[in-house]
Amino acid sequence: MRFSQTFIPTTKESPKDAILKSHQFLIRGGFIHQIGSGIYDFLPLGKRVLDKITQIIKEEMQAAGSCEIMMGFVVPAELWRASGRYEKYGKELLRFADRKDNEFILGPTYEESVTAIVKTYVKSYKQLPLNLYQLHIKFRDELRPRFGLMRTREFVMKDAYSFHADTQDLQREFTHMEATYRRIFKRLGLDFRVVEADSGAIGGSGSKEFVVLAACGEDTIVICEQCEYAANIEAAKRTKRTEPPHPPKAAFAKFHTPSIGTIERLKDFFKIDGFFTIKAVVRKAIFDPKTHKAPELVYFFLRGDDDLEMTKALNALNQLGAEALELQDASTEEIANSGLFAGFIGPYALKNITQAHYIIFDTDLYEARDLICGANERDYHFVGVDLSLFESLTYADIAQVRVGDSCPCCQGKLVYQKGIEVGHIFKLNQRYSAPLGAHFLDSSGKSLPFEMGCYGIGVSRLLPAILEQKSDMKGCVWTKASAPFDIDIIISHAQDTHQNTFASELYASLHSAGVAVLLDDRDLRFGVKMTDFELIGPRFALIVGKSLEEGRVELVNRESLEREFLGLEGLKEAILLRLERD
Ligand code: ATP
Ligand code: MG
């Protein structure tokens, strides 16, 4: 491709809101154009990278036995009503009506649509298993679209859905898809981790995320320094904590603690480790409008030096049948209205005071003793608290794993890493097939809902993910598999006939050898062309300049920025060798 003929609108300006380097470089390099909040157009360079990534995904999905389809972007609302998600999905779901007042949504994910297809055509276990995928646009009306392609409202996803006669076969496919995903991200040249994850709004029994390691990542993952354990912080587990020395042994008593309303002050006051204190976290649960339940306060208790993990907390609440959609902050006023004093909340008589339906203790507090907690009275705490004396408390894993906690598999030290979620695989079981009435006849003639799995890759998010992991200060550094061009032949002086002819011939010859070549034939200063090379990131630049007279050209490796002179004899082979090697 000749630079003079293609459309690569590079610029020095980056958008004011572009904090991340990937966002800056994708705009400045002319890869994408923002047309609305969270909505981007792909320009030729962006489309090239997208196509390269897409091609790898297609090859691996097809090799794994999945069949490509494409479902309608606009989905009838009734399908989403049948699954119960029309109301539940919240504001991220864009709902609208046509001229006849028929209701629709723009697909944010396609479990309902694909189940409707399979329900129509698959009637017998003999037609199973089946795996269908699409590479298509999704729309989610994200509250805060940001970071360029990282979190958009419209984005390209590869989504696959599998159908099985039983859970064993679903498990086999889940493992198979995990292996397929590992191959895809390895081929893309990424440093990534596969982590245990929460299943989120899609629901289901088990899920794993594929996270590209990058300092800017929005996701925090917890990994073990010793073994393979890795989990998203929303799902991370730990071994029960070991008790620090000097527990505050005391008989049960009420203690005057004037204005000691924080864990820090409580620790200082009693000269104890936060481990021995109980922290109350009050949250307001918001329910599905269908249930007509008013928001209500929910009480969570943790060790004082632990923090509530909001996703775990919501899951724990819904395990109790609450069907809450989210947990919001409770205001001091709301806490006071429930008869409590912020800073002095404890488990004693809590149910009687507040009429609370849901009080949940972190599992690390299971039958714990020698504790200090709020007395539900201003300026008072209880000491010598023994939770084993309470009857039928509800325990669940609701605490956020901390750096230094012990691994649930090997007791090794757990640490945090930042990453970008680029893939997510789920076991859905009968979550969609049952409500949508998608049944098949098993080998004994019994009618059963399909066992389902679903498997997503954030295709457009992969562009910024690659750049966040690989780029330098000058601009884009792509991986071998994702670079928009293998080599950029830069004609130093476009007016120089010798340079021009030489470069054009080399361009044609590399092009016919299957190399993705960009020929920078623009009548611009050499420095400008070099800056553009560094900004857009072809894997190599070949500078055809003054040294051509001496029978040499210069090759620059974009990633290492190393330069070397190559002689004209056997030049094509020397270039091909380096393209293959690096
Ligand atoms: P996130 O936690 O980042 O919001 P998610 O868990 O809601 O993502 P999934 O439903 O698992 O996303 O979708 C599959 C993949 O699609 C994700 O792993 C991610 O790479 C990508 N993706 C999800 N939301 C967006 C978005 N708003 N913009 C770009 N890519 C996205
Ligand atoms: Mg996800």
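### Some thoughts on the coordination of the magnesium ion (ligand 2)
Inference 1: Every protein donor of the magnesium ion (ligand 2) is listed here as Glu-421 (OE) and His-424 (ND1), and their distances to the metal cover 2.1 to 2.3 Å.
Inference 2: Looking at Glu-421, the relative accessible area reads 21%, which means it is partly exposed.

### Digging into the domain arrangement of the chain
Inference 1: Looking at the assigned domains, one finds that the chain contains domain 1 (16–69 + 108–237 + 415–468), domain 2 (253–396) and domain 3 (487–581).
Inference 2: The distance between the C-alpha centroids of domain 2 and domain 3 comes to 66 Å.

### What about the site of ligand 1?
Inference 1: Taken together, the neighbourhood of ligand 1 is formed by 15 residues, with Arg-140, Glu-142, Arg-151, Thr-152 and Glu-421 sitting nearest.
Inference 2: One of the side-chain nitrogen or oxygen atoms of Arg-151 is found 2.8 Å away from an oxygen atom of ligand 1.
Inference 3: Between Thr-152 and ligand 1, the recorded distance is 2.8 Å, taken from a backbone N or O atom to a nitrogen atom.
Inference 4: Burial of ligand 1 by the protein chains amounts to 86% of its free accessible area of 580 Å².
Inference 5: When residues in the shell around ligand 1 are grouped by element, the largest group, four residues, is from strand β21 (residues 414–429).
Inference 6: When the residues that make up the shell around ligand 1 are grouped by side-chain class, the tally is six nonpolar, four polar and five charged.

### Things to note about the sheet that holds strand β6 (residues 103–106)
Inference 1: In spatial order, the strands read β4-β6-β5; together these three strands make up an open sheet with antiparallel pairing. Of all strands in the sheet, those with a lone pairing partner are β4 (74–76) and β5 (95–97), marking the two edges. Neighbouring strand axes in the sheet, compared pairwise and without regard to direction, differ in orientation by 40 degrees on average.
Inference 2: Bridge count between β4 and β6: three bridges; the pairing is antiparallel. Bridging across to β6, Pro-76 finds its partner in Phe-104.

### Quick word on the nonpolar core
Nonpolar side chains in soluble globular proteins tend to end up buried together.
Inference 1: Core analysis: the biggest nonpolar cluster contains 56 residues, and Phe-31, Ile-53, Tyr-181, Phe-185 and Trp-478 have the highest contact counts within it.
Inference 2: It is helix α2 (residues 44–63) that contributes the most residues to this core, seven residues altogether.
Inference 3: Shared between two domains, this core holds at least three residues of each, these being domain 1 (16–69 + 108–237 + 415–468) and domain 3 (487–581).

### Some remarks on the side chain of Asp-219
Inference 1: Counting through the fold element by element, Asp-219 comes out in strand β11 (residues 219–224).
Inference 2: No salt bridge forms around the buried Asp-219; measuring N to O, its nearest opposite-charge neighbour Arg-461 is 5.3 Å away.
Inference 3: Within polar-contact distance, the side chain of Asp-219 engages the side chain of Asn-232 at 3.0 Å.

### Comments concerning the pattern of salt bridges
Inference 1: Overall, the coordinates contain 45 salt bridges when judged by the stated rule.
Inference 2: A salt bridge links Glu-87 to Arg-81, with the nearest nitrogen and oxygen atoms 3.9 Å apart.
Inference 3: Take Arg-81: its relative accessible area is 38%, and that puts it in the partly exposed class.
Inference 4: The shortest N-O distance in the salt bridge between Arg-85 and Glu-112 comes to 2.7 Å. Note that Arg-85 is positioned in helix α4 (residues 85–88) and Glu-112 in helix α5 (residues 111–121), a separation of 27 residues in sequence.
Inference 5: Judged by its relative accessible area of 0%, Glu-112 falls in the buried class.
Inference 6: When salt bridges that share partners are traced, they join Arg-238, Arg-241, Asp-305, Asp-306, Asp-362, Arg-402 and Asp-405 into one network.

### Side note on the side chain of Glu-451
Inference 1: Here Glu-451 is to be found in strand β24 (residues 451–458).
Inference 2: The buried charged residue Glu-451 lacks any salt bridge, with Lys-427 as its nearest oppositely charged partner at 9.3 Å.
Inference 3: Side-chain polar atoms of Glu-451 contact the side chain of Gln-430, separated by 3.1 Å.
Inference 4: In contact with Glu-451, other than residues within four places in its own chain, are Ser-162, Phe-163, His-164, Ala-165, Asp-166, Thr-167, Leu-170, Asn-429 and Gln-430.

### A few points about the packing of aromatic side chains
Inference 1: Evaluation of the coordinates by the stated rule reveals 20 aromatic pairs.
Inference 2: Summarising the aromatic geometry, the rings of Tyr-181 and Phe-210 are spaced 5.2 Å apart at their centres and angled 55 degrees between planes, so their arrangement reads as tilted. Here Tyr-181 is found in helix α6 (residues 167–187), whereas its partner Phe-210 is found in strand β10 (residues 206–213), with 29 residues between them in sequence. The pair Tyr-181 / Phe-210 is uniform in exposure class, with both members buried.
Inference 3: Aromatic ring contacts, followed pair by pair, group Tyr-181, Phe-185, Phe-192 and Phe-210 into a single cluster.
Inference 4: In this structure, Lys-427 is placed above the aromatic ring of Phe-174, and the distance from its NZ or CZ to the ring centre is 5.2 Å.

Thresholds, definitions, all that
For every chain, the first residue of its written sequence is number 1, and the numbers climb from 1 along that sequence. Just so you know, chain letters begin at A and ligand numbers begin at 1, following the order they were written in. Per-residue local features of the predicted model are confined to residues with pLDDT of at least 70, and side-chain atom pairs are confined, for both listing and counting, to 80 or more; whole-chain, interface and lining totals are unaffected and use all residues. To obtain the side-chain values, all non-hydrogen atoms of the structure were included, while hydrogens and water were left out. We call an atom a donor if it is N, O or S and sits within 2.8 Å of the metal, or 3.2 Å for Na, K and Ca. Water is not counted, so some sites may look partial. Relative accessibility thresholds used throughout: buried, under 20% of the residue-type maximum; exposed, over 50%; partly exposed, between the two (1.4 Å probe, protein chains only). What fixes the domain bounds is an automatic or database domain assignment. When at least one non-hydrogen atom of a residue lies within 4 Å of a molecule or strand, that residue is treated as near it. The definition of a polar contact used here is a pair of N or O atoms within 3.5 Å, where within protein one atom must be able to donate a hydrogen and the other to accept one, and adjacent residues in sequence count solely through side-chain atom pairs. Using the Shrake-Rupley algorithm and a 1.4 Å probe, accessible areas are obtained, with residue cover drawn only from the displayed protein chains. Each helix corresponds to a stretch of at least 4 residues labelled H or I by DSSP, and each strand to a stretch of at least 2 residues labelled E; elements are numbered beginning at the N terminus. Any residue outside Ala, Val, Leu, Ile, Met, Phe, Trp, Tyr, Cys, Pro, Asp, Glu, Lys and Arg is labelled polar, Gly included; the first ten of those are nonpolar and the last four are charged. Only strands joined by at least two bridges in the DSSP assignment are considered to pair. Inter-axis angles, ranging from 0 to 180 degrees, are taken between N-to-C directions of lines fitted to C-alpha atoms, where helices are fitted over the stretch in contact. Among buried residues, those of type Ala, Val, Leu, Ile, Met, Phe, Trp, Tyr and Cys that are joined through side-chain atoms within 4.5 Å constitute a nonpolar core. Charge assignment: positive for Lys and Arg, negative for Asp and Glu; neither His nor the chain ends contribute. The working definition used for a salt bridge is a side-chain nitrogen of Lys or Arg within 4 Å of a carboxyl oxygen of Asp or Glu. Residue contacts are defined here by distance: any two heavy atoms, one from each residue, within 4.5 Å place the two residues in contact. The criterion for an aromatic pair is that two Phe, Tyr or Trp rings (for Trp, the six-membered ring) have centres within 6.5 Å, with stacked assigned to planes under 30 degrees apart, edge-to-face to planes over 60 apart and tilted to the rest. Note on geometry: a ring has a charge over it if NZ (lysine) or CZ (arginine) is within 6 Å of the ring centre and within 35 degrees of the ring normal.

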